[in-house]
Structure formats: C-alpha cells, structure tokens
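Okay, here's what each chain looks like letter by letter:
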Amino acid sequence: MAPKPKDKPKPSHSPSQPPPPIEDLFASLSKHIERSDFEQAAKVSDQVLRVAPGDEDAIRCKVVALIKADRIDDALSMIQSTKKVPIDFTFFKAYCLYRQNKLDEALESLKTQETNSATMLLESQILYRLGKMDACVDIYQKLQKSKIDSLEINSVAGLVSSGRASEVQGMLDALRVKATSNFELAYNTACSLIERNKYADAEQLLLSARRIGQETLMEDTLLDDDIEIELAPIAVQLAYVQQLLGHTQEAIEAYTDIINRDLADEPSLAVAVNNLIALKGPKDVSDGLRKLDRLKEKDSQNFQLAHGLNLKLSPKQREAVYANRVLLLLHANRLDQARELVAALSDMFADSVMPVLLQAAVFVRENKAVRAEEVLGQFAEKFPDKSKVVLLARAQVAAAAGHPQIAAESLAKIPDIQHMPATVATLVSLKERAGDIDGASAVLDSAIKWWSNAMTEDNKLNIIMQEAASFKLRHGHEEDAAHLYEELVKSHGNMEALVGLVTTVARVDVNKAETYEKQLKPLPGLRGVDVDSLEKTSGAKHVDGSASHAGVTEAYEEGKSKAKSKKKRKRKPRYPKGFDPANPGPPPDPERWLPKRERSSYRPKRKDKRAAQVRGSQGAVVREKQEAGTSGASSNSSHSKSNQVSTSKGTSQNAAAEPSRPSSKSSRKKSRN
C-alpha cells in the first residue's frame with residue numbers, strides 16, 4: 001500500500017547527523033513498494049520510525065513489507081511489539097499464523113474480525129489446509145458474487161479435494177468460465193477428470209494447460225528455467241496420468257527426468273519422488289530411501305519432512321510419503337527405524353488409520369501376527385466408523401497366519417459387504433477351513449436371502465444359489481441342494497442347474513430324477529446308440545501288454561524318424577573369411593594335426609653305427625654284450641615309464657589349457673612345426 005504524505009514531520013534528536021526530511025523518506029518508501037522491493041521498504045520504514053517513533057503508517061508499511069518479503073517471523077514479532085499502538089493487526093496476525101502452519105490459532109484469531117471478502121478468503125484457505133473441504137467450498141460458493149480474481153481456480157481445487165469432482169463442470173457453467181481460460185484452471189479441471197476416471201480427457205486438458213502456461217509465462221518474460229519450475233505440477237500430473245493409463249515405463253521415465261533435472265518446486269518434486277517409489281515397489285529399496293532423504297529436514301537425525309514441504313503438501317500427500325518410507329524400511333529390514341517412525345506417525349496423523357496399519361505391518365514383519373491382530377482389533381472397536389479398512393487388514397493377516405476363525409470373524413463385522421459374492425466365497429472358504437460347516441452354510445443362506453429381496457439390475461442370486469447348492473451337495477445335504485437346484489430351474493431355466501438337479505435328486509428319488517431328465521436336451525450323435533444292446537456286450541477286449549507296447553514303440557520310433565526327416569534341411573556351407581570356393585587352391589595337408597612322429601612322411605634320424613664298435617678279445621665282447629643287453633632292457637623300461645609320465649603330464653597340461661583359445665592355438669602351431 002502506498003503511504004499517505006506527511007505534512008508535519010515529528011522532530012528527531014540526532015547528535016551526529018541530522019536525519020533526512022520525513023517527506024523524502026516516505027517518498028523513498030513509496031518508490032520501493034511500487035518496485036516490489038520489500039526488503040528496502042522495510043529498511044526505510046525503520047528509518048521513518050527512528051525519526052517518528054510510533055508512526056502508524058510506517059508501522060503498517062513495515063508489517064506488510066515483511067510479509068511480502070516472506071519474513072513471517074519478523075512480521076509477527078513486529079505485530080506483537082506494537083500492542084500499544086491503536087492499530088488493528090488481527091487480520092495480519094491471522095495470516096502470519098496461517099503461514100506458520102498454526103492453523104487453529106489463525107482460525108481463532110479471525111473470529112474477532114468483521115466478516116468481509118478478505119477474511120472469508122483467508123478463512124477458506126485455512127480450512128483447506130486443515131482438510132475441512134466442505135466448509136471451504138461453502139465459503140467459496142458464498143464468495144462467487146464477489147468480484148475476486150481467479151476465485152474459480154480455488155473453487156475447483158476445493159471441490160476436487162472434497163470429493164465433489166462431479167460438480168466442477170456445473171460450477172464452471174454457472175460462472176460462465178471455460179476450463180482453458182488460464183493454465184491454473186485447466187490444471188485443476190484436469191484433476192477433477194482424473195477423480196472421475198476420465199484419464200484420456202485429463203491428459204488432453206493437461207497438455208493444453210502446459211501449452212497455455214508456456215505462452216502466458218513467455219509473455220511475462222520469464223526465463224526458461226523459471227517457466228519449467230512454474231509448470232512442474234503439470235509435468236508431474238501428466239506422468240501420473242501415464243501411470244494410471246498403465247504406461248508404466250513412460251511414467252517412470254517422466255518421473256525420473258523431473259527428479260534428475262531438479263527444475264521443480266518442492267511439492268512437485270516430493271510428489272514425483274513418492275510416485276516413482278510407489279511405481280517401482282521393492283525393486284530398488286536403497287535408491288528409494290536415498291531419494292526420500294532429499295525431502296527431509298537437513299538438521300534432523302530422524303526422517304522428518306522439510307518445513308516448507310510440511311506447509312505446502314496436503315495431509316494426504318504427507319501421509320503417503322511417510323507410509324512409503326516405512327514400507328521401504330521394512331523391505332530393507334531396518335525394523336528399528338521403521339518402528340520408531342511408526343510411533344511418531346500416531347501423533348502426526350491422529351485421525352487416520354494409516355499409522356495403525358503400518359504398526360500391524362511392522363508386527364507381521366517381526367513374525368508377530370497375533371500381536372498385529374490384537375492391535376487392529378482394538379482400533380476397530382475404539383473407532384467403529386473407521387473400522388472397515390482395519391478389519392479387512394486384520395482378516396488378511398489372520399488368514400495368512402493360519403487363523404481362519406479370526407479372519408472370518410473380522411469379515412463378518414463389515415455389514416455392507418456381506419452379500420458380495422467375493423466376500424461370501426471368502427467367508428465360506430474360511431469357515432470351511434476352520435471346520436464350521438454350519439456357519440458356512442448360514443453365510444450362503446443369508447446371502448441368498450439378501451439377493452432375493454434386492455432390487456438391483458446386476459442381481460447375483462443365480463450365482464449365489466448355484467454355489468450354495470454345490471456346497472450343500474458336497475457336504476451331504478442332498479435335500480437342501482435339490483431344493484436350491486429346483487428353484488433355479490423354475491425361476492431361471494438354467495441348464496447347469498437342471499443337470500445338477502437330476503444328479504442330486506437321483507440320489508434321493510429316482511422317479512423324480514427321471515422326470516427332470518426328460519427336460520435335458522439330447523446330446524448330438526447319440527440317437528442311433530442302442531443302450532440295451534450296449535449293456536449286453538462283453539465290453540472291450542483285453543490286448544496283450546507286450547504286443548501293444550511293441551506296437552506303440554514301433555509307431556513312436558516311426559513317427560520320430562519322420563519328424564527327424566522333416567526337420568532336416570540343407571544349409572548353405574559357411575567358408576572362412578577371404579576363401580573363394582571357385583578357386584580354393586591346393587588342398588591342405590590331411591595329417592597337419594597329427595604329431596610329427598605319427599605322420600607318414602616322418603623319417604627318424606639314423607643312428608651312428610660307429611658308437612657300437614668295440615675293441616678287445618672275443619670273450620670280453622660277448623660278456624659286455626650280455627651286460628649291455630641286461631642294462632638295455634632296464635633302460636628301455638625306464639625310458640618307457642619316462643615316456644608315460646611325460647605323456648600324462650602333457651595331457652594334463654593340454655587339458656588345463658583347453659578353455660583358453662589362444663594357448664590352444666599356439667600349441668597347435670608347435671606340433672605343426
């Protein structure tokens with residue numbers, strides 16, 4: 001706000017330097033406010049207050065400048081320090097408390113204010129942050145007659161958050177506003193389409209919102225990075241739509257790109273991280289924990305969302321982030337951290353069922369299923385209006401732990417699903433496992449009674465009665481089963497029920513069964529069969545087992561050979577690189593891989609005969625020959641053993657070198673030489 005000019009400056013006492021004229025200070029203050037330079041405006045306000053302490057306009061300008069500069073704590077301190085000044089700062093105080101997320105105090109502070117459009121708008125924002133969406137939407141509807149810019153944007157957001165997405169289009173028609181009038185409204189309207197499961201329409205509207213946003217922000221001369229940050233919520237929501245459409249890989253790539261580029265506001269980044277973790281599941285637990293660590297308060301030892309995220313994320317979004325953190329810790333087997341975080345969630349989300357569900361999950365992970373059943377049962381008794389999800393979880397835990405009676409008891413406490421076929425089938429199966437056949441039969445009878453009186457288009461009476469008849473027949477209640485089959489035949493003309501009726505009644509009353517059997521349609525191909533002559537035949541002749549086995553074996557071998565012959569096909573020969581089959585050249589030596597001693601071309605070296613000449617008497621020569629013969633035999637045997645050892649050693653070396661292709665080739669080259 002521009003301050004009013006001062007006519008009479010108040011004197012100031014400065015011993016060193018005279019202060020500037022107060023008119024100049026207020027002119028400078030007005031200039032800074034017009035330029036949106038709120039930090040300088042706050043400093044100039046301090047200069048004015050030094051010259052004129054207690055000046056109401058200067059105090060008001062400083063409070064507003066501090067709020068505009070996001071110095072909320074300083075603004076609140078300034079408001080509290082000026083209680084003696086006759087200025088009503090109640091509205092500004094409520095706004096500062098709202099920015100500090102002290103929502104109850106802010107709402108209480110507004111009660112003393114006179115109701116006008118500004119106070120109603122702030123109250124609606126506080127109620128939105130508190131999660132009281134219906135009250136928030138009511139205020140927006142009252143403000144529709146007021147000329148407030150972009151009121152429809154907040155109105156659509158309130159309707160979507162309160163679960164009234166179907167009313168969005170009607171409200172836009174009443175206000176005569178198009179969804180594509182600006183990119184914020186297009187984004188919120190697309191969110192309403194997502195709530196109504198119109199994913200393809202939502203995707204098209206989000207693409208339009210991104211295009212409109214780029215054009216609008218480029219006209220405002222924003223930088224490319226700033227434009228991307230401003231449109232980050234649209235990018236995250238587009239990835240979410242891809243996820244809902246089942247395009248998992250595209251969604252993962254989009255989320256990953258948003259996180260890696262780090263050009264998104266804090267809430268959009270948190271939503272992208274959370275959705276990516278939920279999409280991947282337990283595949284990469286450590287990476288998910290690292291990504292969540294980016295969202296926590298830096299100075300906090302335990303996991304706690306950053307202060308800015310706590311203010312900007314809705315309670316539902318914060319709960320989802322904390323829940324996924326606990327699940328990742330359980331998958332990582334960090335049970336102590338998971339237990340500690342779950343204990344803190346009870347205070348953060350006192351009105352939610354998520355903390356008790358996560359507490360039960362921790363107990364199940366610790367193999368304490370009985371303790372989990374107790375915790376869930378106590379919560380369901382204490383909060384019956386929130387017990388549906390808790391009882392379903394208790395039934396699942398008990399069934400997995402082998403406690404069918406407790407599981408059936410938990411399901412039986414949810415009255416609005418007792419007639420559903422899936423619930424009936426589960427209850428019957430659980431009671432059957434527990435040995436309570438009468439209880440299972442009672443569940444089926446109760447379901448039949450409900451569907452008999454139900455006035456719905458999709459009536460499940462036929463299915464329930466048929467399953468009940470099958471169950472009763474299986475457990476020996478033929479008369480009850482026959483009665484159910486008979487009702488099905490009379491009311492629906494069901495052929496399967498007629499078959500079941502004939503089969504069932506045949507055990508009790510054959511004549512009655514024959515009467516119903518006449519209603520069965522004849523099977524094709526059986527008209528020419530004489531049943532009496534068929535019964536008089538001696539039956540199939542016995543065939544010798546060995547002969548039949550031999551015949552089967554021969555047939556099998558013949559079929560196998562035919563299959564093999566069919567599978568054979570002529571392949572084109574593959575030649576080495578650079579080989580010309582038309583001009584192959586001289587053929588290779590066929591003995592090139594044989595050892596040199598085994599080749600036909602091998603010729604041993606001639607021995608030197610002169611080494612065998614001996615001089616001396618003839619008797620000496622004979623004796624030496626005998627001795628030489630004996631020693632020669634021993635040397636030959638030792639030489640043979642030596643050859644055996646060297647051969648086996650060479651074999652083992654070749655075997656060890658075989659996996660290594662280069663060494664194998666080098667050994668081949670040596671043998672060739």
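Remember, it's a predicted structure, so these values are computed and weren't measured experimentally.

## Concerning the overall build of the protein
Check the secondary structure of the protein and you find 34 helices and zero strands. Looking at the protein as a whole, 34% of its 673 residues are labelled buried. Sequence separation of 24 or more characterises 47% of the internal contacts of the protein that already satisfy a separation of 6 or more. When the accessible surface of the protein is totalled, it reaches about 43,800 Å², and 50% of it is carbon and sulfur.

## Notes on the pattern of salt bridges
Tallied over the entire structure, the rule returns 24 salt bridges. As a salt-bridge pair, R211 and E215 come within 3.8 Å of each other at their nearest N and O atoms. With R211 and E215 both in helix α12 (residues 199-219) and four residues apart, this pair spans about one turn of that helix. Close ionic contact of K280 with D287 constitutes a salt bridge, the shortest N to O distance being 4.0 Å. Accessibility expressed as a relative area gives 27% for K280, which makes it partly exposed. Among the ionic contacts, a cluster of salt bridges with common partners joins K280, D287, R290 and K291.

## Let's talk about the packing of aromatic side chains
Under the criterion given, the structure shown has seven aromatic pairs. Between the aromatic rings of F91 and F92, the centroid separation amounts to 6.0 Å while the plane-to-plane angle is 75 degrees, which identifies the pairing as edge-to-face. The rings of F89, F91 and F92 are connected pair by pair, giving a single aromatic cluster.

## Let's talk about the nonpolar core
Membership of the largest hydrophobic core comes to 45 residues, with the highest contact counts inside it found for L29, V48, C96 and I126. Where this core is concerned, the elements lending two or more residues are α1 (22-34), α2 (38-51), α3 (56-68), α4 (72-81), α5 (90-99), α6 (103-110), α7 (117-130) and α8 (133-142). Not counting residues within four places of it along the chain, the set of residues in contact with C96 comprises I67, I72, A75, L76 and I79.

## Overview of the confidence of the model for the protein
Confidence in the prediction for the protein averages 80 pLDDT; 77% of positions are at 70 or higher. Across residues 8-14, where pLDDT falls below 50, the model places nine contacts with residues more than four positions away in sequence or in other chains. Contacts for the low-pLDDT stretch residues 620-673, under 50 throughout, to residues beyond four places or in other chains number nine contacts.

## Examining empty space enclosed by the protein
All told, the structure shown has one cavity of 30 Å³ or more when counted by the stated rule. Quantified by volume, the largest cavity comes out at close to 50 Å³. Around the largest cavity, the lining residues are L276, I277, K280, G281, D284, D287, G288, K291 and L328. Of the residues in the lining of the largest cavity, the class split is three nonpolar, two polar and four charged.

## Topic: the side chain of D55
One can find D55 in the loop between α2 and α3. Looking at D55, its side chain comes within polar contact range of the main-chain nitrogen of D57, at 3.2 Å.

## Considerations on a negative patch on the surface
Residues E184, D224, D225, D226 and E230 make up a contiguous surface patch of negative charge. With four residues, the top contributor of residues to the negative patch is helix α13 (residues 224-230). Topologically, D225 is positioned in helix α13. What makes D225 partly exposed here is its relative accessible area of 44%.

## Observations regarding helix α23 (residues 387-400)
Counting along an α-helix, one turn takes 3.6 residues, and residues three or four places apart therefore face a common direction. For α23, built from 14 residues, the straight-helix expectation of 20 Å at 1.5 Å per residue is met to within 8% by its first-to-last C-alpha distance of 20 Å. Buried residues of α23: S387, V390, L391, A393, R394, A395, V397 and A398, and no others. Against α21 (354-365), α22 (369-382) and α24 (404-412) lie the buried residues of α23. Backbone geometry just after α23 places G402 at a positive phi near 80 degrees.

## What to know about unusual backbone geometry
Its identity is not glycine, yet N101 carries a phi of approximately 65 degrees, on the positive side. Here N101 is to be found in the loop between α5 and α6. The phi torsion at T221 lies on the positive side, around 55 degrees, for a residue other than glycine. Counting through the fold element by element, T221 comes out in the loop between α12 and α13.

## Focus on helix α14 (residues 232-244)
Here α14 contains 13 residues, and its C-alpha end-to-end distance of 19 Å stays within 8% of the 18 Å for a straight helix at 1.5 Å per residue. Among all positions of α14, only A232, I234, V236, Q237, L238, A239, V241 and Q242 are buried. The inward-facing, buried residues of α14 contact α11 (183-195), α12, α13, α15 (248-261) and α16 (266-280). One or two steps after α14, the chain reaches G246, where phi turns positive at roughly 90 degrees.

## Describing the packing of α4 against α5
Where α4 contacts α5, the axes come no closer than 10 Å and their chain directions differ by 145 degrees. Classified by chirality, the crossing of α5 by α4 is left-handed. Counted together, I72, A75, L76 and I79 of α4 and F92, K93, C96, L97 and R99 of α5 form the full contact between these two elements. Considered class by class, the residues forming the contact of α4 with α5 number seven nonpolar, no polar and two charged.

## Some remarks on the packing of α2 against α3
For the pair α2 and α3, interaxial distance at closest approach is 8 Å and the crossing angle is 155 degrees. Relative to α3, the element α2 lies roughly antiparallel. Relative to α3, the crossing made by α2 is left-handed. Each of F38, A41, A42, S45, D46, V48 and L49 in α2 lies in contact with α3, whose residues at this interface are A58, I59, C61, K62, A65, L66 and K68. Tallied by class, residues from the contact of α2 with α3 come to 10 nonpolar, one polar and three charged.

Calculation criteria
Per chain, residues are indexed from 1 in the order of the written sequence. Where local features are concerned, this predicted model is filtered to residues with pLDDT of at least 70; where side-chain atom pairs are given and counted, the filter is 80 or more; whole-chain, interface and lining totals use all residues. Where side-chain values are given, they derive from all heavy atoms of the structure, hydrogens and water being excluded. Only DSSP runs of H or I with at least four residues qualify as helices, and only runs of E with at least two residues qualify as strands; both kinds are numbered from the N terminus onward. Only protein chains enter the area calculation, which uses a 1.4 Å probe; residues under 20% of their type maximum are buried, those over 50% are exposed, and those in between are partly exposed. It only takes one pair of heavy atoms within 4.5 Å for two residues to be counted as in contact. Here the accessible surface of atoms and residues is derived via Shrake-Rupley with a 1.4 Å probe, and residues count as covered only by protein chains that are part of the display. Should a side-chain nitrogen of Lys or Arg be within 4 Å of a carboxyl oxygen of Asp or Glu, the pair is scored as a salt bridge. Planes of paired rings set the category: under 30 degrees apart is stacked, over 60 is edge-to-face and the rest tilted, where pairs are Phe, Tyr or Trp rings (Trp by its six-membered ring) whose centres lie within 6.5 Å. Among the buried residues, those of types Ala, Val, Leu, Ile, Met, Phe, Trp, Tyr and Cys that are joined through side-chain atoms within 4.5 Å form a nonpolar core. Per-residue confidence from the predictor is reported as pLDDT, a score between 0 and 100. The pocket and cavity definitions rest on a 1 Å grid over protein atoms only: a 1.4 Å probe that fits but cannot leave marks a cavity, an open set with protein on both sides within 12 Å along at least five of seven lines marks a pocket, and residues lining either have an atom within 4 Å of a point. Grid points are joined across faces, edges and corners, and a volume is the space filled by probe spheres set on the points. In the scheme used here, Gly and all other residues not listed as nonpolar or charged are polar, with Ala, Val, Leu, Ile, Met, Phe, Trp, Tyr, Cys and Pro taken as nonpolar and Asp, Glu, Lys and Arg as charged. Pairing of N or O atoms within 3.5 Å defines a polar contact, subject to two protein rules: one partner must be a possible hydrogen donor and the other a possible acceptor, and residues neighboring in sequence count only if both atoms are side-chain atoms. Patch rule: a residue counts if its relative accessible area is over 30% and it has no salt bridge; like charges are joined within 9 Å, and nonpolar side chains (Val, Leu, Ile, Met, Phe, Trp, Tyr) within 5 Å. Charge assignment: positive for Lys and Arg, negative for Asp and Glu; neither His nor the chain ends contribute. By convention, the point assigned to a charge is CZ for Arg, NZ for Lys, CD for Glu and CG for Asp. Each residue after the first adds 1.5 Å to the expected span of a helix. Helix axes are fitted only over the stretch in contact, all axes being lines through C-alpha atoms; the angle between N-to-C directions runs from 0 to 180 degrees. Crossing handedness follows the turn of the near helix against the far one: under a right angle anticlockwise gives a left-handed crossing, and clockwise gives a right-handed one. For this classification, under 35 degrees means roughly parallel, over 145 means roughly antiparallel, 65 to 115 means roughly perpendicular, and everything else is oblique.

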